[in-house]
Amino acid sequence: MSSGRQEAGGGGPLSGVRVVELASVIMAPYAAQQLGDLGADVIKVEPPTGDMTRHYPPTRNPGMGAAALNLNRNKRSVAIDLKAPGGRDALLALIATADVFITNIRPQALRRLGLGPEDVAAVNSRLVHLNAQGFRSDSELGGHAAYDDIVQAASGLVWLNEQVSGVPYFVPTVVADKICGLVIVQSVLAALHYRDRTGQGQHIEVPMADTMLAFNLVEHLAAATLDPPQGPMGYSRALSSRRKAARTADGRMCILPYSDRNWSDFFTFVGRPELADDPRFGSLADRARNADELYALMEEFSPRHTSAAWQEFCDSAGIPAAPVLSLDEAAASDYATEGGLLRTAEHPTEGTYRLIGQPVRFRTTPTGLHRHCPRIGEHTEEVFAEIGYRPSA
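Residues numbered from 1 in each chain as written. Predicted model: local features only at pLDDT ≥ 70, side-chain atom pairs only at ≥ 80, totals over all residues. Heavy atoms only, no water.

A.B. asks: I would appreciate a short explanation of the domain arrangement of the chain in the present structure.
C.D. replies: Many analyses report the size of an interface as the accessible area lost when the parts associate. Splitting the chain by domain gives domain 1 (18-215 + 358-387) and domain 2 (246-323). Here the C-alpha centre of domain 2 lies 43 Å away from the C-alpha centre of domain 1. (Domains from an automatic or database assignment.)

A.B. asks: Help me understand the pattern of salt bridges in this model?
C.D. replies: Opposite charge on two side chains makes pairing possible when the charged atoms of those side chains draw close. Evaluation of the coordinates by the stated rule reveals 24 salt bridges. A salt bridge links Glu21 to Lys75; its shortest N-O distance comes to 2.6 Å. Taken together, the positions of Glu21 in strand E1 (residues 18-22) and Lys75 in strand E3 (residues 75-79) put the pair 54 residues apart, joining distant regions of the chain. Looking at Glu21, the relative accessible area reads 0%, which means it is buried. Between Asp138 and Arg136 there is a salt bridge, with the nearest N and O atoms lying 3.5 Å from each other. It is possible to trace a salt-bridge network through shared partners that takes in Arg18, Asp41, Arg76, Glu382 and Glu386. (Salt bridge = Lys/Arg side-chain N within 4 Å of Asp/Glu carboxyl O. Helix = DSSP H or I, 4+ residues; strand = E, 2+ residues; numbered from the N terminus. Buried < 20%, exposed > 50% of the residue type's maximum accessible area, 1.4 Å probe, protein only.)

A.B. asks: Got a minute to help me understand the environment of Ala385 in this structure?
C.D. replies: By the element assignment, Ala385 lies in helix H16 (residues 380-387). In this structure, the C-alpha to C-alpha distance between Ala385 and Met27, residues 358 residues apart in sequence, is 30 Å.

A.B. asks: When you look at the pairing of strand E8 (residues 252-255) in this model, what are you seeing that I'm missing?
C.D. replies: In summary, the side chains of a regular strand alternate between the two faces of the sheet. By the alternation rule, side chains of E8 split into Met253 and Ile255, which are all buried, and Arg252 and Cys254, of which none is buried. Note that E8 and strand E9 (residues 321-323) share three bridges and pair antiparallel. Directly across from Cys254, in E9, lies its bridge partner Ala322. (Pairing = 2+ DSSP bridges.)

A.B. asks: Teacher, can you tell me more about the sheet that holds E3 here?
C.D. replies: Within the open sheet, the six strands sit side by side as E3-E2-E1-E4-E5-E6. Their pairing is parallel. A single partner strand is all that each edge strand has here, and the edge strands are E3 and strand E6 (202-207). For this sheet the average axis-to-axis angle between neighbouring strands, irrespective of direction, equals 20°. Pairing of strand E2 (residues 41-46) with E3, which is carried by five bridges, proceeds in the parallel orientation. Directly across from Lys44, in E3, lies its bridge partner Ser77. (Axes fitted to C-alpha atoms, helices over the stretch in contact; angles between N-to-C directions.)

A.B. asks: What is the right way to look at a nonpolar patch on the surface in this model?
C.D. replies: Together, Met52, Tyr56, Tyr147 and Ile150 make up a nonpolar patch on the protein surface, roughly 400 Å² of accessible area in all. Relative to the helices and strands, Ile150 resides in helix H6 (residues 148-154). (Patch = residues over 30% accessible without salt bridge, like charges linked within 9 Å, V, L, I, M, F, W, Y side chains within 5 Å. Areas by Shrake-Rupley, 256 points an atom, 1.4 Å probe, with all protein chains shown as cover.)

A.B. asks: Hey, could you run me through the nonpolar core in this one?
C.D. replies: Across soluble globular proteins, you tend to see nonpolar side chains buried next to one another. Grouped together as the largest cluster of nonpolar side chains are 37 residues, with contacts concentrated most on Val19, Leu35, Val100, Ile102, Leu130, Ile184 and Val188. At nine residues, the largest contribution of residues to this core is made by helix H8 (residues 175-198). One finds Leu82, Ile95, Leu110 and Leu127 within the second-largest nonpolar core, a separate group that totals 21 residues. (Core = buried A, V, L, I, M, F, W, Y, C linked by side-chain atoms within 4.5 Å.)

A.B. asks: I would appreciate a short explanation of the side chain of Ser240 in the present structure.
C.D. replies: With respect to the secondary-structure elements, Ser240 resides in the loop between helix H9 (208-220) and strand E7 (246-247). Here Ser240 falls in the buried class, since its relative accessible area comes to 3%. Beyond its immediate sequence surroundings of up to four residues, Ser240 is in contact with Val164, Ala291, Asp292 and Tyr295. (Contact = heavy atoms within 4.5 Å.)

A.B. asks: Mind showing me how you'd approach helix H7 (residues 157-165) here?
C.D. replies: Spacing of three or four residues puts side chains on the same side of an α-helix, whose turn is 3.6 residues. Of all the residues in H7, the buried ones are Leu157, Val158 and Leu160. Take H7 and look down its axis: the buried residues cluster within an arc of 155°, on one side only. Residue Gly166 follows H7 closely and has a positive phi angle near 85°. (Arc of directions from axis to C-beta.)

A.B. asks: What is the right way to look at the pairing of strand E4 (residues 100-103) in this model?
C.D. replies: The side-chain alternation of E4 yields two buried faces, one formed by Val100 and Ile102 and the other by Phe101 and Thr103. Sheet topology places E1 next to E4; four bridges connect them, and they run parallel. Within E4, the position partnered with Val19 by the bridge is Val100.

A.B. asks: Any chance you could explain the sheet that holds E9 here in plain terms?
C.D. replies: Hydrogen bonds between backbone atoms are what pair the strands of a sheet, whose relative direction is either parallel or antiparallel. Taken in spatial order, the three strands make up an open sheet running E7-E8-E9, and their pairing is antiparallel. Edge positions in the open sheet fall to E7 and E9, since each of these has one partner strand only. Lying on the sheet, helix H13 (residues 307-317) is in contact with E8 and E9; it crosses E8 at an angle near 15°.

Dropping the structure here:
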């Protein structure tokens, strides 16, 4: 995939690939961060005021908010005012040197700026150009604004929460942004592979609502998979209102017997071995149909033992189990610490901060931090000099 240019990224598997990011908030910057972690030279193009995420508190210095320190790591920052004279030309000059262009600006706005798919293809026919936005551009909703909460609602996720809790909660994380960000990475890598075999770049669209609906339907299409439907949508086990962490004698745990043998061992441990022969629980399908009854038994039995006793039993029986941890506890656990999943780093201007680790391990081309989050426009002159472009006054 290498373009043969001087390396400016890291030494990971995407070393030699240049990515231009014209994006804000979480989804596309998160995708570009992943590519940067993998060694790509990621050039973040942002307005002179910076990506809005830079200003989310807390901050030590303006434009260097906490979220930005990780979202913008392994990137170089170029400040361009696209509405100013010469702004479009400067961006196109940069795109002409890129392998990948990622943006979450809505297609209509890009066309008004003269940065539609045809415009960027005209300066770089080998470019992988990815647009990510809330809804398909050729739909009636194509011009609508969308953020994570909107997509959670539009894709059925809020409805799923309401079926379980009775309240239309949002998932307490920007799940749509992050899942779609990972789909962006997957799509870019597939298009680069195609480009390297054929020499042809292409335009890709990742609509968030479509992506999340497809994601939610994996298990929840359920009985509606067959035509005509054999029942309503929704995976019954996941929609059980009793599906929750178990209360133990001294805490909470997730205890998840799964196989027939797991459940037989579980029922024996709690002194009810005869339940293994109960027709409601005899097979995986039976247990899924009777999930409420099964989880009610879990609520009844789990307080009989401490969390440590449950963990010891589950480990010995090969039953998946884990204590319920807070985010602080999970991040400070021996497992996370030994894996380097959250460690401290020293930023040249922001001082000590906590760096989110890269969870994937590459034996031959290791990944990691090779560049701290830049200041707004920190690399503008460097990058323009590198590509031989002189911005107009």
